[in-house]
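Chains, contacts and geometry: an overview
Each chain, letter by letter, is given below.
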Amino acid sequence: MRNASLAALILIFLSYLSAGAQTSTSKSVLGTVTSFNKDAKTLEVRPDNGVPVPVKLLGNTVVQRIAPGQTNLANAVAIQQAEIAAGDRVLVTVASNGADALRVVVISASDIARRDDADRQDWVTRGISGVVASKTGDQILLQKSKSPAGDVQPAITVSAKTKFRRYSPDSVKFADAKISKLDEISAGDQIRARGQKSPDGLKVDAEEILFGTFLTQAGSVVSVDVSVKEVTLKELGSGKTVIIKLTPDTTIKQMPLAPAEGRGTAPAGGNVAQIVDKLPAGKIEDIKPGTSIVVSSTKGSQPDKVTGITVVTNADLLIRMASAPSGRGGALVFGSGDGGGLSVLGLQ
């Protein structure tokens, strides 16, 4: 997750300052490599929330790589300049001219991807997700789900060591999730927890909890404005119009069309969240007026405009499989239980 990588580089930067490693005429740039010309030995670094900074590598520029999560250079490995790649997270110390690089500390994009993939898998393997039904003492009960043995109710047990994070309104990024606490969790919130899991998979002693107030809506597309990346949706049941704002972090999935029916078909096996994960990626141009979509989003500041976390198009079959009336103006609640929540999968 990008914020963790950036935090590690910030700590390294602070250690430079405390050790007097920087001169008064040098400065540092934290960000992501957007381009690298190996022949010209120039790279462009885009700070988070900043404009790109051009940087020139010199013959004596020190280049080191650290693993994601490392916060000092004790285990840094010297690498060749040519090993820098677009997408890497970097801390660049530049000379007084603002362009020549004295040192580049790299967390490679491939290492970050492997770490994030392992982290996502750990959330699945050791996790439970669903919708909060109630909260008593140190236990959070999730809404019941059906199993071959009958109704089951997953549960999450928290302790003083449990870490809580809450999604921010109008944000689809895990990086924007805020440190929270048990008191802020309410019935109806979607939640994901990971930790020590019981043999039957229905209980978790939580080490970490991620939660938020989400909406899952379904309906037909009224219009698509590609220029501003907005989709207007007529919600199923209520008939109200909702504007879906798409961002670079929004995941778009496309259900394949069945040749005979012209409706979406789903991969076999798994619950709703697992089925959605297996769907091919789509783009805004795949969303057409008149087609059905399912949208998960955070609850924003405007009731008629939300920021999409996940959008599934050609979703007729998904709606039939996974939706159940919630009694809230036609909104839909997607499957709870282990891995069942569509909206809480945004671990970016």
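Residues numbered from 1 in each chain as written. Predicted model: local features only at pLDDT ≥ 70, side-chain atom pairs only at ≥ 80, totals over all residues. Heavy atoms only, no water.

This brings us to the overall build of the protein chain. Along the protein chain, the regular secondary structure elements total four helices and 21 strands. Every one of the 348 residues in the protein chain was classed for burial, and the buried ones make up 43%. When contacts within the protein chain are restricted to residue pairs at least 6 apart in sequence, those whose partners lie at least 24 apart make up 60%. Just so you have it, the protein chain exposes about 16700 Å², and 53% of that area is on carbon and sulfur atoms. (Helix = DSSP H or I, 4+ residues; strand = E, 2+ residues; numbered from the N terminus. Buried < 20%, exposed > 50% of the residue type's maximum accessible area, 1.4 Å probe, protein only. Contact = heavy atoms within 4.5 Å. Areas by Shrake-Rupley, 256 points an atom, 1.4 Å probe, with all protein chains shown as cover.)

Turning to the nonpolar core, a few remarks are in order. V55, I84, V92 and V104 are the most contacted members of the largest nonpolar core, which has 17 residues in total. Within the residue set of this core, elements represented by two or more residues are β1 (27–37), β2 (42–46), β3 (53–65), β5 (89–94) and β6 (100–107). Among the elements that take part in this core, β3 stands out by supplying four residues, more than any other. Other than its neighbours up to four places away in sequence, V92 contacts K27, S28, V29, V45, V55, A101, R103 and V104. In this structure, I140, L142, I156 and F211 belong to the second largest nonpolar core, which totals 15 residues. (Core = buried A, V, L, I, M, F, W, Y, C linked by side-chain atoms within 4.5 Å.)

In terms of burial, strand β14 (residues 190–197) is largely enclosed, as seven of its eight residues are buried. Relative to β14, strand β7 (residues 127–136) is paired through five bridges, and the arrangement is antiparallel. Note on β14: the bridge partner recorded for G127 is R194. Here β14 pairs with strand β15 (residues 203–212) via eight bridges, running antiparallel. When the bridges of β15 are listed, I191 appears paired with F211. (Pairing = 2+ DSSP bridges.)

In this fold, S180 is placed in the loop between β13 (178–179) and β14. Side chain to side chain, S180 and E184 meet in a polar contact 2.5 Å long. (Polar contact = N/O pair within 3.5 Å; in protein donor to acceptor, adjacent residues only side chain to side chain.)

We now examine the confidence of the model for the protein chain. Taken residue by residue, the protein chain gives an average pLDDT of 80. The fraction at 70 or more is 78%. Throughout residues 10–20 the model reports pLDDT below 50, and contacts reaching past four residues in sequence, or to other chains, amount to 20 contacts. The model gives residues 324–348 a pLDDT under 50, and that stretch makes 97 contacts with residues more than four places away or in other chains. (pLDDT = per-residue confidence, 0-100.)

A word on the pattern of salt bridges. Summed over the entire model, instances satisfying the criterion amount to 13 salt bridges. Salt-bridge contacts for D122 lead to R126; the nearest nitrogen and oxygen are separated by 2.9 Å. Residue classification places R126 among the partly exposed positions, given a relative accessible area of 23%. With a closest N to O distance of 3.1 Å, R126 and E207 form a salt bridge. Residue R126 is located in the loop between α2 (109–125) and β7, and its partner E207 is located in strand β15; the two are separated by 81 residues in the primary sequence. Overall, E207 belongs to the partly exposed group, its relative accessible area being 42%. Salt bridges sharing partners connect three or more residues here, namely D119, D122, R126, R194, E207 and E208. (Salt bridge = Lys/Arg side-chain N within 4 Å of Asp/Glu carboxyl O.)

What follows is about the environment of R166. Checked against the element boundaries, R166 lands in strand β12 (residues 163–166). Separated by 43 residues in the primary sequence, R166 and I209 place their C-alpha atoms 8.4 Å from one another. Polar contacts involving the side chain of R166 include one to the main-chain carbonyl oxygen of E184, which spans 2.8 Å.

On to the side chain of T162. Position of T162 relative to the elements: it lies in the loop between β11 (155–157) and β12. At 2.9 Å, the side chain of T162 forms a polar contact with the backbone nitrogen of S159. A polar side-chain atom of T162 sits 2.8 Å from the main-chain carbonyl oxygen of A206.

Here we take up unusual backbone geometry. Non-glycine residue K229 carries a positive phi angle of around 55°. Checked against the element boundaries, K229 lands in the loop between β16 (214–225) and β17 (230–235). A relative accessible area of 39% places K229 in the partly exposed class. At N314, a residue that is not glycine, the phi angle is positive and equals roughly 55°. In this structure, N314 sits in the loop between β21 (305–313) and α4 (316–322).

Residue N314 is classed as buried on the basis of its relative accessible area, which comes to 8%. As for N314 and L257, which are separated by 57 residues in sequence, their C-alpha atoms are 7.2 Å apart.

The next point concerns α2. Between its first and last C-alpha atoms α2 spans 24 Å; for 17 residues at 1.5 Å apiece the expected length is 24 Å, and the two agree. Here α2 has its buried residues at I112, D116, D119 and W123. The arc enclosing the buried residues of α2, seen along the axis, measures out at 60°, which places them on a common side. (Expected span 1.5 Å × (residues − 1). Arc of directions from axis to C-beta.)

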